[in-house]
Amino acid sequence: MQQYSSLPEQNSQIDATPKLLTTSQQVRADLWLEKSLNQLQSRLNDCLLSACNTVSQSLAAEAEIFQTVIDEINTAVDTSHVAFVQFTVGVALLKPHQTFATVCYVSRSSFSGSQAPLLEVTLTAEKKLPLKLQQTIEIKDLQQLENQPIPNAWRLTDDAGGVIGWLVIATAAPGPDSKPLISQAQLRAQFMARSAQQCNTALLQLRHILCWQQRYEQLSNSNQELERTNQLKNQFLANTSHEIRTPLSSIIGFTHLLLAQGYEPTKERQLEYLNIIQSSGKHLLALINDILDLSKIEANQLEVQWETIDVPLLCSNVLALVKEKAANKGLKLVLELDPHLPTLVADPLRLKQMLLNLLFNALKFTTQGSVGLRVTSKGLFVHFTVWDTGTGISPEDQALLFHPYFQIANTVAGVEGTGLGLAVTRKLAEIHGGSVKVESELNRGSLFTLVLPLKKAEEGQAAGEAEETEDAKCFSSTVVVTPSLCPHVLLVENDQANGDLMQIYLSKLGYKVTWAKSAAKMWEVLTQQQPAVILMDVYLPDGNGLKLVQELRQNPQYQNIPVIAQTAMAMKGDRETCLAAGVNDYISKPIDLPLLATLVAKYSKVPNSIDGE
């Protein structure tokens, strides 16, 4: 049996002059003390078990611990056969950066009758403090109470040993006929000290429980997110596989027909097959671009080129791109423009991408009627609204519509797309400081509104002029430039198909093209002739194209030859990496042939140009 004479160090003064109890009193006191403490521990264990079985808030769980200690102390006194004077117990909690503690818990009065006196904590003969809710007690007074010969306060601590409050007792003044024993005060002090110790232990265990609960919840959330990501990955792979295989089937199939011996289609048929092959290839490129765009956006690596935009012209161009698809489905295209549209500053390429995504979606889910684009100005925002008379979207699907890889079951068009278009559109809108909203009813069509903020015309003009360099203009050009003389182009490319493509195309435009398939061959050609332009692949079998460019720039004989990097590197920073190595310009694969012709003409300083090929 635990001895109740063991007390905290700061309260050791109470054993100074003990007054012995009689043998029967000692036994009764001993039994009462252990029984009361055991009951308190049992109730605290119940509190901890409850915290384990439920997701508890820290403050609520601590409050339950404090209240349990108060209630059990009160019950133990009420049911005791040990002659105690009347007393009240409270918990005074310390607030951070304060010089006082506030009484937050007080036991019910153990006096009989309806009028119970307010018990006080005695500091000195002249200073007494009432023990009641919201009573504030100075820290120095609490320290004085715990250091009295018979303590009236006991510290409550956290797991680091810091003080969070005190367990405080207020006793009734003894009556004129009462003869309180010092041993009763000692017993009371021991009971309170060990109760405070049990409270501290329970608080420490509670914090461990809450910590483990928090970690469990975090792991559970992580597992759920991983499971969701895994499901999305599987769905994405399935969708992407379908999207890749469908155009690939067309490319491979029609190429096989054109190459088949004994099959001689008419010229019209050949053009039809080639158009299908080209369209399927563009579809594959759009799929890859969507995946790359989403990756760049999520990695916060997407670059936005701010320019002042001619909104009516851009919208007309966008509708021209979807006109054929609408005509094939017998749908009417409608463009409605606010005649007083203000100046808009945005990335024109990304704005086209967002509008095309919305329009293609509208066309996909519409079998009859019309699809339209309405542009209006509202305050400091421009609203681009794409509407249709299609199948509509259920509220359940609307909630998931902008999640990556999510697709609506489309009985009209079957499985089509990867579920990335709307996710990319919303993220692009947010990058612009805008948003995308949807309104729809089943069988009554849908309405998607892209909201973009305006910027002041002078700010936008400055941004546009800063960004739109000669290189940027070159990239937006669709004019194919051909040489008047026959400038020499050195093509450094190890891929046979890409090399054939560029050599044939540039030769057709009138350039003299020498093809070097390795770094060694490049140096050999340079010893024999001085090219007007070098088209440099980054990855070569015997060297790195960017290092070759650096070597060219260090050689006075070749340092002024314009170099255009042509590579499959298409992520953020790749263009800057190439330019930092010393190239004059950059074009990513798959090669845009008209753009290639424009770049070569620009750097070979050809003066004249013609439209078309």
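Residues numbered from 1 in each chain as written. Predicted model: local features only at pLDDT ≥ 70, side-chain atom pairs only at ≥ 80, totals over all residues. Heavy atoms only, no water.

**Student:** How should I be thinking about the sheet that holds strand S11 (residues 370–378) in this particular structure?
**Tutor:** By way of backbone hydrogen bonds, the strands of a sheet pair with one another, either parallel or antiparallel. The five strands are arranged S9-S11-S12-S14-S13 in an open sheet whose pairing can be described as mixed. In the strand order of this sheet, the two ends are held by strand S9 (332–337) and strand S13 (435–440), each with one partner. Mean inter-strand twist for the sheet, computed between neighbouring axes without regard to direction, equals 15°. Sheet topology places S13 next to strand S14 (residues 446–453); six bridges connect them, and they run antiparallel. Bridged to Glu439 within S14 is Leu447. (Pairing = 2+ DSSP bridges. Helix = DSSP H or I, 4+ residues; strand = E, 2+ residues; numbered from the N terminus. Axes fitted to C-alpha atoms, helices over the stretch in contact; angles between N-to-C directions.)

**Student:** Explain the packing of helix H1 (residues 23–53) against helix H2 (residues 58–78) here, please?
**Tutor:** The description of two helices packed together rests on the angle between their axes and the distance between the axes. Put simply, H1 and H2 touch, their axes get as near as 10 Å, and they point 155° apart. Regarding the angle of H1 to H2, the classification is roughly antiparallel. Our pair here, H1 against H2, has a crossing hand that is right-handed. Packed against H1, whose contacting residues are Trp32, Ser36, Gln39, Leu40, Arg43, Leu44, Cys47 and Leu48, the element H2 presents Glu64, Ile65, Thr68, Val69, Glu72 and Ala76 at the interface. Looking at the contact of H1 with H2, its residues break down into eight nonpolar, three polar and three charged. (Parallel < 35°, antiparallel > 145°, perpendicular 65-115°, else oblique. Left-handed = near helix turned anticlockwise from the far one by under 90°. Contact = heavy atoms within 4.5 Å. Nonpolar A, V, L, I, M, F, W, Y, C, P; charged D, E, K, R; others polar.)

**Student:** Could you clarify how one ought to interpret the side chain of Thr385 in this entry?
**Tutor:** Residue position: Thr385 is located in strand S12 (residues 381–388). Among the polar contacts made by the side chain of Thr385, one reaches the side chain of Thr449 at a distance of 3.4 Å. Contact partners of Thr385, with chain neighbours within four places excluded, come to Gly372, Leu373, Arg374, Leu447, Phe448 and Thr449. (Polar contact = N/O pair within 3.5 Å; in protein donor to acceptor, adjacent residues only side chain to side chain.)

**Student:** Please explain unusual backbone geometry as it appears in this structure.
**Tutor:** Excluding glycine, residues mostly have negative phi values, and the peptide bonds linking residues are mostly trans. Although it is not a glycine, His97 adopts a positive phi angle of roughly 60°. With a phi close to 70°, Gln134 is a non-glycine residue in the positive phi region. Following the sequence through the fold, Gln134 ends up in the loop between strand S4 (128–130) and strand S5 (136–138).

**Student:** Would you take a moment to explain a nonpolar patch on the surface for this structure?
**Tutor:** There is a patch of nonpolar side chains on the surface, built from Ile244, Leu248 and Ile252 and spanning about 240 Å² of accessible area. In this fold, Leu248 is placed in helix H4 (residues 182–259). A relative accessible area of 33% means that Leu248 is categorised as partly exposed. (Patch = residues over 30% accessible without salt bridge, like charges linked within 9 Å, V, L, I, M, F, W, Y side chains within 5 Å. Areas by Shrake-Rupley, 256 points an atom, 1.4 Å probe, with all protein chains shown as cover. Salt bridge = Lys/Arg side-chain N within 4 Å of Asp/Glu carboxyl O. Buried < 20%, exposed > 50% of the residue type's maximum accessible area, 1.4 Å probe, protein only.)

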